Amino acid sequence: MTTPNIRELRRQRARRDTHWPLGVRLLLAAAGLYVIYLLVGFFVLPSILKTQIERRASAQLKREVRVGRVAFNPLTLSLRIEKLMVIDHDHEPLMGWSSLFVNFQLFALLSDEVHFSEIELDGFAARLSVSKQGVLNIADITAPQGSADNPGKAWILRIDRLAVNRAEFDYSDESRAEPFKTHLGPTTFVLREFRTSGAGAGAPGVFSARTEAGESLQWTGRLALAPLRSNGEVRVEQVALKKYAPYYSGLVQFDILNGTLDAQIPYVFSIEHNQPQVKLSETSVQVRNVELAERHRADAIVVLKSIDVAQGAADLQARTVEVNRVVLAGGRIVARRDANGINLARLAGSTDGSAGKSASAGGAWNAKVNEVSAKDFAVTVEDRTTPRPASVELNNLVFSLKRFSLADLGVALPVELRAGIAPGGGELRAEGTVGLQPLTADLSASVEGTSLAPLSPWVESLANVRVTDGVASIRAKVRLKPPAQGAMNLSANADVDLSLVKSTDAGGADLASWKSLAVHGIEYSSTPARLTVADVTLADPTFNVVAREDKSLNVSTLLRQQGEPASRGGTSSPEAAGPFIAIDRIALANGSVLYADESVQPNVRTSLDQLSGTVTGLTSAAIDRGEVNLNGRIAGAASVSATGKVNVLSDQPAVDVRIDIRNSDLSPLGPYIAKFIGYKLSSGSASLDARARVANRRLDSSANLVVENFNLGDATNSPDAPHVPIHLALALLRDAQGKITIDLPVQGSLDDPSFQIGPVVTHVIVNLITRAATSPFSLIGAMFGGGRPGEDLSVVSFAVGSSELDPSNAKKLDVVGKALRERPGLRLAVVGSADTASDLATLRDAELERRIREEVFVQARALDPTITTPDRAVVSREAADAVIAHLYRELILKPQETVIGAPPPAKSEAQPERKRSRWFFVRWFSRDKPEPPAQASTKPKPSLPAPNKAPTPLPNLDEMRAKVKQALPIGEAELNRLANDRAERVRRYLVQFNQVDPARMEVGPAARGGARVNLQLR
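Residues numbered from 1 in each chain as written. Predicted model: local features only at pLDDT ≥ 70, side-chain atom pairs only at ≥ 80, totals over all residues. Heavy atoms only, no water.

## Some points on the overall build of the chain
And then number 1: Along the chain, the regular secondary structure elements total 16 helices and 39 strands.
And then number 2: Of all 1018 residues assigned to the chain, the portion counted as buried reaches 37%.
And then number 3: Considering only contacts within the chain whose residues lie at least 6 apart along the sequence, 60% involve residues at least 24 apart. (Helix = DSSP H or I, 4+ residues; strand = E, 2+ residues; numbered from the N terminus. Buried < 20%, exposed > 50% of the residue type's maximum accessible area, 1.4 Å probe, protein only. Contact = heavy atoms within 4.5 Å.)

Next up, the structure:
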């Protein structure tokens, strides 16, 4: 069989054409074209589309695009693209789907519409990521490509049904400080009757999605594009707040450890005048199990079990937000203070400048909240800056704030707070109103029956005091008002009751306690600064004052050092002055002060008991003085009182107080006496009359201490006692009634840290006793007003060779006599003294002159019987020289001749020379009267020298006088007699002129050392 050529075929076709009618031929042609259309549509076009999609999409997306299968149904004009995948630059899938089905309505083109009866996307998956440099992985796809100069006629898009099934999205962001990653899916979206133009309510739609964290997002509503508008409801559930930390951590200073968010947001959205319009209504938000912590910390400081925002509404155009109610139920807040500040303040901080910028330039927002309430809440306040960590908890907290509005911040907002206090019980209540702009407040608050022990660490930060027990109740009204100008005006009225309070010092020893302290009528005002108190009543207080082993007082170290004290020099401006303070009345009932001194052994223990009274009219004004009237007993027996005026609230304290103590037993102070006096105390009592003045921060006090029945026992050999005759000192200080009176002046500056009253008083007393024992006569002079300043009353001076008292020494003895009369415990030793040199020379001079006068008297009486006494005889120079020569022969020459064996002179019946010799010596020693003068016939004749011996030549008169004086029989006996005469003269004077009991004086053995009498007290 041969193959026909073209010509043959043409002839055959021509024959056929002439046989078919035109209609048939046309029908056949149409059928052929339709078959071709079907063949091309079913078999040819899918391959072409697949190739074109891969080529053109790859070029457009700049990535490899792979298409698994393309199917086209020319009968329904539906297209299905299956297993499309876009390969990213990292050779990983970027996006794709399992199946895309599009059903196109061709005839809608006749009405200028692009009409899809159905678009269904199934198994869509996409991967979006942001690099560390902040670049989105599809940024090159979404970048603007420019706009056409002539976009042409706008077509209307109409979709009868748009459905997205089983869509999956992976999103990651490496640009954040903490990388973020999430997976969204499966996601479903269905939209019906959608078109881009035309009026109506919009196309109804539904959207739902879930994340890998269990979060869900749902939308139901309507959507229209011409104009763009939508309404419906958005619902989110179980949104994990911690998950999105990479996006908000830069704006806050805290970490969200836990918490979920649920929200139901009905909305209406539209575009009007090129401005978006959003309105929210009946919005509710629920936040559950929120835990906030400081950055990079694992312990939550804010825990909120639930936050419910109910019936919220917002209008974007009007910039208003209104919430009917915000309820916080259950939770805990830990407010902690440490060296870096308060943790809640750090939570509220911002890390960049954008936090304070307005989100929009369109104006301020107005937010209204009808009520904010909290219940079943706990707030724990911790302070780690105190010496011991402090912690107080407000539990079962109920809080309410109503009618809050940003548009009218000046409106008073009702506030109510109620909470229990732990540990220790008690309740806190507060209610009133608060205004925010300007800041105002009018609140009533009370604290009832709360324990003070948990508050002790705050007290310890100010003082070395630990509060171990006590109950506090406080009732206060606080008002805060804005002034016309200047600072805010804060005023408050309060009553405070602190009962059953006990405290210790830092070492745990009891310090202070009281049954009740009521401070009533407290009024405070900040403008002007003023604090007044109507009444302070302290009942049954006990204060313990202890001198430790190192001699420091426990109360001296109570206040902690907060820095250098402010300078007291100069004047301060009124702005720097403190507030005016006034306390009308302070009442003290049955107070006690227990004193113990552990620095001595055994310890000293005494007390001031039953201390009661009042202090009235205290103010901080420098010119005011308060009245003090206090009474008590020492050790439950001796009375003590304090009266006067004080001003202790002023910057320059002033005190003028008199203290009176009567008949206080000294037994509790026995250890002091044993230590500082050196003897045990047997008995004694004391009375004190003291006056203390403080002015210009200087203490000037005087005190009169009277000690009675003061007796000492055995010696203690204390090394701190003065090594002096204590009993002598006490005898000198003790008066005729057995009392010892001591003046105790104390002066010092209150700003001198070394100034302490106790050591000063002890020093004064010990110095007085030492002075009494070591310098008793100087103390007698001071006590009894004796003589000239610095005059020694223990020495009575005499003229050389004399035992006569002169007037000045008699006055000294009057002072000593007065002291002996008024100090019956004193005994006096009187010791006469003579000087070996001066007194002996004077006695010899006197003896020589006496002998000369006696010899002249004898010779003168022989010539003139009318001369009856030696003092009437006239002693001439020649007569004196003759007597000296005679005495020289008698006392010097004759003893020498006797020594060499010369015979004694012959004795005659009338021996005038012998009689004259007897007058010189016998009358001197025996003090006999002189014999009648001899007869003229018995006139003495000059003596003759011994036979057969030449007369010895005489020296000059001065030499003879000196040798005669040395030869006179005057020696120790005469000196002792002179010393004893002097002592006896002093003794007789004290007895006769000062009525001193002779039994209290004794004359001691004669002494050498001067022309005086030494007095010694015993």
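From this point, things continue past the structure.
## A short note on the nonpolar core
Across soluble globular proteins, you tend to see nonpolar side chains buried next to one another.
And then number 1: Counting residues in hydrophobic clusters, the biggest one holds 55 residues, and the most contacted among them are Phe710, Phe777, Ile780, Leu828, Val986, Leu1015 and Leu1017.
And then number 2: Here this core gets 7 residues from one element, more than from any other, and that element is helix H8 (residues 726-733).
And then number 3: Those residues in contact with Phe710 that sit more than four places away from it in its chain are Leu666, Ile673, Leu681, Ser683, Gly684, Leu730, Arg734 and Ile740.
And then number 4: Counting residues in hydrophobic clusters, the runner-up holds 29 residues, among them Phe254, Leu304, Val369 and Leu394. (Core = buried A, V, L, I, M, F, W, Y, C linked by side-chain atoms within 4.5 Å.)

## Some remarks on a nonpolar patch on the surface
And then number 1: The grouping of Leu33, Val35, Ile36, Leu39, Val40, Phe42, Phe43, Val44, Ile48 and Leu75 at the surface amounts to a nonpolar patch, some 920 Å² of accessible area in total.
And then number 2: Secondary-structure assignment places Leu39 in helix H2 (residues 22-61).
And then number 3: Among the residues examined, Leu39 registers a relative accessible area of 44% and is labelled partly exposed. (Patch = residues over 30% accessible without salt bridge, like charges linked within 9 Å, V, L, I, M, F, W, Y side chains within 5 Å. Areas by Shrake-Rupley, 256 points an atom, 1.4 Å probe, with all protein chains shown as cover. Salt bridge = Lys/Arg side-chain N within 4 Å of Asp/Glu carboxyl O.)

## Quick notes on the packing of aromatic side chains
And then number 1: One pass over the structure, following the stated rule, counts 7 aromatic pairs.
And then number 2: Arranged with centres 5.6 Å apart and planes meeting at 55°, the rings of Phe124 and Phe169 form a pair that is tilted. Residue Phe124 is found in the loop between strand S5 (113-122) and strand S6 (125-130), and its partner Phe169 is found in strand S7 (residues 156-173); the two are separated by 45 residues along the sequence.
And then number 3: By relative accessible area, which is 13% here, Phe124 ends up buried.
And then number 4: Residue Phe169 is classed as partly exposed on the basis of its relative accessible area, which comes to 28%.
And then number 5: Consider the rings of Phe180 and Tyr247, whose centres lie 5.1 Å apart with planes at 80°: the pair is edge-to-face. Placement of Phe180 in strand S8 (residues 180-195) and of Tyr247 in helix H4 (residues 245-248) is noted, with a sequence separation of 67 residues between them.
And then number 6: When its relative accessible area of 31% is taken as the criterion, Tyr247 is described as partly exposed.
And then number 7: Through a chain of ring-to-ring contacts, the aromatic side chains of Tyr171, Phe180, Tyr244 and Tyr247 assemble into a single cluster. (Phe/Tyr/Trp six-rings, centres within 6.5 Å; stacked < 30°, edge-to-face > 60°.)

## Section: the packing of helix H12 (residues 838-863) against helix H16 (residues 972-994)
And then number 1: Contact pair H12 / H16: the axes reach a minimum separation of 10 Å and the direction vectors enclose 105°. Regarding the angle of H12 to H16, the classification is roughly perpendicular. Residues Asp839, Leu840 and Leu843 of H12 pack against Glu974, Leu975, Leu978 and Arg982 of H16.
And then number 2: Residue composition of the contact of H12 with H16, by class: 4 nonpolar, no polar and 3 charged. (Axes fitted to C-alpha atoms, helices over the stretch in contact; angles between N-to-C directions. Parallel < 35°, antiparallel > 145°, perpendicular 65-115°, else oblique. Nonpolar A, V, L, I, M, F, W, Y, C, P; charged D, E, K, R; others polar.)

## A look at helix H11 (residues 807-822)
And then number 1: The terminal C-alpha atoms of H11, which comprises 16 residues, lie 23 Å apart, in line with the 22 Å expected from a rise of 1.5 Å per residue.
And then number 2: Of the positions making up H11, those classed as buried are Asn809, Ala810, Lys812, Leu813, Val815, Val816, Gly817, Ala819 and Leu820.
And then number 3: For H11, the secondary structure elements touched by its buried residues are helix H10 (776-784), strand S36 (795-797), strand S37 (828-834), H16 and strand S39 (1012-1017). (Expected span 1.5 Å × (residues − 1).)

## Topic: the environment of Arg693
And then number 1: Counting through the fold element by element, Arg693 comes out in strand S32 (residues 679-695).
And then number 2: Spatially, the C-alpha atom of Arg693 lies 7.2 Å from that of Ala654, the residues being 39 residues apart in sequence.

## Section: the pairing of S32
And then number 1: In this sheet, S32 lies alongside strand S31 (residues 654-665) in antiparallel orientation, the contact comprising 9 bridges. Bridged to Asp665 within S32 is Ser685.
And then number 2: Relative to strand S33 (residues 698-715), S32 runs antiparallel, the two being bridged by 14 bridges. Of the residues in S33, the one forming a bridge with Ala692 is Ser701.
And then number 3: Where S32 folds back onto S33 in an antiparallel hairpin, the turn is made up of 2 residues, including Asn696, whose phi is positive at roughly 55°. (Pairing = 2+ DSSP bridges.)

## A word on the sheet that holds S36
And then number 1: In spatial order, the strands read S36-S39-S37-S38; together these 4 strands make up an open sheet with mixed pairing. What marks the edges here is a single partner per strand, and that holds for S36 and strand S38 (1001-1008). Across the sheet, the mean angle from the axis of one strand to that of its neighbour is 20°, orientation sign disregarded.
And then number 2: Bridge count for S37 against S39 is 6 bridges, and the pairing is antiparallel. Its bridge partner being in S39, Val831 is matched across the sheet by Asn1014.
And then number 3: H16 rests against S36, S37, S38 and S39 of the sheet, and its axis sits at about 150° to S38.

## Re the pattern of salt bridges
And then number 1: A full pass over the atoms with the stated rule returns 39 salt bridges.
And then number 2: Several salt bridges share partner residues, and in doing so they unite Arg297, Asp299, Arg336, Glu382 and Arg384 into one network.

## Here's the deal with the environment of Val856
And then number 1: Take Val856: it is sitting in helix H12.
And then number 2: Distance in space between the C-alpha atoms of Val856 and Val874 is 7.6 Å, their sequence separation being 18 residues.

## Comments concerning the side chain of Asp609
And then number 1: Considering the arrangement of structural elements, one finds Asp609 in strand S28 (residues 604-619).
And then number 2: Put simply, Asp609 is tucked away with no salt bridge, and the nearest opposite charge, on Arg633, sits 8.8 Å away.
And then number 3: Reaching out from Asp609, the side chain makes a polar contact with the side chain of Ser607 at a distance of 2.9 Å.
And then number 4: Leaving out residues up to four positions away in the same chain, Asp609 has contacts with Gly591, Ser592, Gly632, Arg633, Ala635 and Gly636. (Lys, Arg positive; Asp, Glu negative; His and termini not counted. Polar contact = N/O pair within 3.5 Å; in protein donor to acceptor, adjacent residues only side chain to side chain.)

## Some details on H10
An α-helix turns once per 3.6 residues; consequently, residues spaced three or four apart project the same way.
And then number 1: Within H10, burial applies to Pro776, Phe777, Leu779, Ile780, Gly781 and Phe784.
And then number 2: Once H10 finishes, Gly785 follows within two positions and takes phi at roughly 70°, a positive value.

## Looking at the confidence of the model for the chain
And then number 1: On average, the chain scores 80 in pLDDT, and the residues at 70 or more come to 85%.
And then number 2: Note on residues 899-948: pLDDT under 50 across the span, and 38 contacts to partners over four residues away in sequence or across chains. (pLDDT = per-residue confidence, 0-100.)

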